[in-house]
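Single-letter residue listing:
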Amino acid sequence: MPSADSDLFAKLVTAWLDCRRTKRNSASAQAFEARAEHHLYSLHEELSSGSYRPGRSICFVVTRPRPREVWAAEFRDRVVHHLLYNHIAPRFHARFVADSCACIPGRGTLYAARRLEHQVRSVTHNWSRPAHYLKCDLSNFFVFIDKRVLLAALQRQVTEPWWMWLTQTVLMHDPRQDVLLRARPHELALVPEHKRLMNAPAHCGLPIGNLSSQFFANVLLDGLDQHVKHQLRAPHYVRYVDDFVLLHDSPQWLNEAHARIEAKLDALRLQLNPRKTILQPVSRGIDFVGQLIKPWRRTTRPRTLRTALTRLETLPPGKLYATGNSYFGQVRQAGSSIKEQAAIARAMLRRGHAVDGDMTRAFRRHA
């Protein structure tokens, strides 16, 4: 067993603090915190000796924006995910292209939307020239990921033996071997069979819901990013998780790029979803990360707004305040969002909440 870092315990404490930042009110986080010193020392001993093994996962189903399985690791395992991420992620982030926009500090959906808008303005010379876009989506991405291909990509960058052991332990763990299913049969039936991790081959699939899965997915798709930027020499390209867009003034060039991208994805054991592959003029608008980029404006996707308004009309009062403010934050990300903000404000006012004059925030209803 390779030796662990001499400062492993300090890194473990930092990982715990990072992990609890957004989970502090959960029962598992509170149970861990109640005996934090004991749990951290126990984890430290297991990691140092090489006896650490991931524990039970919880599998449940969410229905928005579409039905899918979500896997939640035990809190102690999430601490380990943060430990691993904190140590190895910076070296990968340093080599990721600037057009990779997910699970990277400072690069969320707003970054992705703004970057694509900037590149559209560049290729069209500020909307004065025609251009086309190729928008692609990977088929059943997280379920199709081949862990063997991903492990090889990780091994090229993680050279320290102990950290490679931990990387492999987290990556190759099969959560299906020890799972608590918290979904009723009719909820599971909503998830298509081919989209269920339960049905994937043993060497395939990452559980949606873990920090490690998001990071590992980015490592795998960095191979695609590097190919697009350095082999295809695509001048304009943006990717968010498994959705990506290429821009060019020539639709013929985009068709050729499409064929070469499919060949690269085949080497990564991935494939495009043909039903979500779009090639059309930029002037028709690009639907990306919940926003619609059209000439001279960037707005919230109409379907997203309709869903928001429907939910705000029917949500129980106890959930309305937080959800309404979440939607205010979401629509404000669009460059042109006054109409959307006004629609959400009206929905909140009808439910009895107050809204500030700038239509950026709702206030709780008093009993």
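Everything below is about the structure printed above this text.
Residues numbered from 1 in each chain as written. Predicted model: local features only at pLDDT ≥ 70, side-chain atom pairs only at ≥ 80, totals over all residues. Heavy atoms only, no water.

(A) Highlighting the overall build of the protein chain. The helix and strand tally for the protein chain stands at 14 helices and 12 strands. Over its C-alpha atoms the protein chain spans a radius of gyration of 22 Å, differing by no more than 12% from the 21 Å that the globule rule assigns to 367 residues. When each of the 367 residues of the protein chain is scored for burial, the buried share is 49%. Summed over its atoms, the accessible surface of the protein chain is roughly 18,300 Å², and 51% of this surface lies on carbon and sulfur atoms. Averaged over its 54 positive side-chain charges, the protein chain has a centre that lies 7 Å from the centre of its 32 negative ones. (Helix = DSSP H or I, 4+ residues; strand = E, 2+ residues; numbered from the N terminus. Rg over C-alpha atoms; globule rule 2.2 N^0.38 Å. Buried < 20%, exposed > 50% of the residue type's maximum accessible area, 1.4 Å probe, protein only. Areas by Shrake-Rupley, 256 points an atom, 1.4 Å probe, with all protein chains shown as cover. Lys, Arg positive; Asp, Glu negative; His and termini not counted. Charge placed at Lys NZ, Arg CZ, Asp CG, Glu CD.)

(B) Structural view of the pattern of salt bridges. All told, the structure shown has 16 salt bridges when counted by the stated rule. Across the pair Glu-33 and Arg-20 runs a salt bridge whose closest N-O atoms are separated by 2.7 Å. In this pair, Glu-33 sits in helix H2 (residues 27-34) while Arg-20 sits in helix H1 (residues 8-20), placing the two residues 13 residues apart along the sequence. When its relative accessible area of 25% is taken as the criterion, Glu-33 is described as partly exposed. On the accessibility criterion, Arg-20 (18% relative accessible area) is buried. When the shortest N-O distance is used, the salt bridge between Glu-46 and Arg-76 registers 3.0 Å. Within this pair, whereas Glu-46 is found in helix H3 (residues 36-49), its partner Arg-76 is found in helix H4 (residues 75-93), the two being separated by 30 residues in sequence. One connected set of salt bridges, linked through shared partners, spans Asp-99, Arg-115 and Lys-229. (Salt bridge = Lys/Arg side-chain N within 4 Å of Asp/Glu carboxyl O.)

(C) Molecular detail of the nonpolar core. Within the largest apolar cluster, 64 residues are counted, with the highest numbers of intra-cluster contacts made by Leu-166 and Leu-246. Excluding residues within four positions of it along the chain, Leu-246 makes contact with His-132, Tyr-133, Leu-134, Val-228, Ala-234, His-236, Tyr-237, Trp-253, Leu-254, Ala-257 and Ile-261. In this structure, Cys-101, Val-120, Trp-127 and Tyr-133 belong to the second largest nonpolar core, which totals 15 residues. (Core = buried A, V, L, I, M, F, W, Y, C linked by side-chain atoms within 4.5 Å. Contact = heavy atoms within 4.5 Å.)

(D) Main features of the packing of aromatic side chains. The final tally for this structure, using the stated rule, is 10 aromatic pairs. With a centroid separation of 5.1 Å and an interplanar angle of 65°, the aromatic rings of Phe-141 and Phe-142 are classed as edge-to-face. No difference in accessibility class separates Phe-141 from Phe-142, as the two residues are buried. Each residue in the set Tyr-85, Phe-92, Phe-215 and Phe-216 is aromatic and connected to the rest through ring pairs, giving one cluster. Between Arg-20 and the ring centre of Trp-16, over which it is positioned, the NZ or CZ distance is 4.8 Å. (Phe/Tyr/Trp six-rings, centres within 6.5 Å; stacked < 30°, edge-to-face > 60°. Lys NZ or Arg CZ within 6 Å of the ring centre and 35° of its normal.)

(E) Main features of helix H7 (residues 147-155). Every buried residue of H7 is listed here: Lys-147, Leu-150, Leu-151, Ala-153 and Leu-154. The arc that holds the buried residues of H7, viewed along the axis, is 160°, so those residues lie on one side. Looking at the buried side of H7, the elements it contacts are H4, helix H8 (161-172) and helix H10 (211-231). The distance from a side-chain oxygen at the start of H7 to the backbone nitrogen of Arg-148 is 2.9 Å, and the residue carrying that oxygen is Asp-146. (Arc of directions from axis to C-beta. Polar contact = N/O pair within 3.5 Å; in protein donor to acceptor, adjacent residues only side chain to side chain.)

(F) Spotlight on the environment of Ala-347. Take Ala-347: it is sitting in helix H14 (residues 338-350). It is 34 Å that separates the C-alpha atoms of Ala-347 and Cys-59, two residues lying 288 residues apart in sequence. Apart from the residues within four sequence positions on either side, Ala-347 is in contact with Leu-309, Leu-312 and Glu-313.

(G) Molecular detail of the pairing of strand S6 (residues 243-248). Of all six residues in S6, five are buried, a share of seventy percent or more. Across six bridges, the pairing between strand S3 (residues 132-137) and S6 is antiparallel. Paired with Asp-137 across the two strands is Asp-243, which belongs to S6. Note that strand S5 (residues 236-240) and S6 share five bridges and pair antiparallel. Across the sheet, the residue bridging to Tyr-237 is Leu-246, located in S6. The loop that links S5 with its antiparallel partner S6 comprises two residues; one of these, Val-241, has a positive phi angle of about 55°. (Pairing = 2+ DSSP bridges.)

Geometric descriptors of this kind do not, in isolation, establish any biological role.
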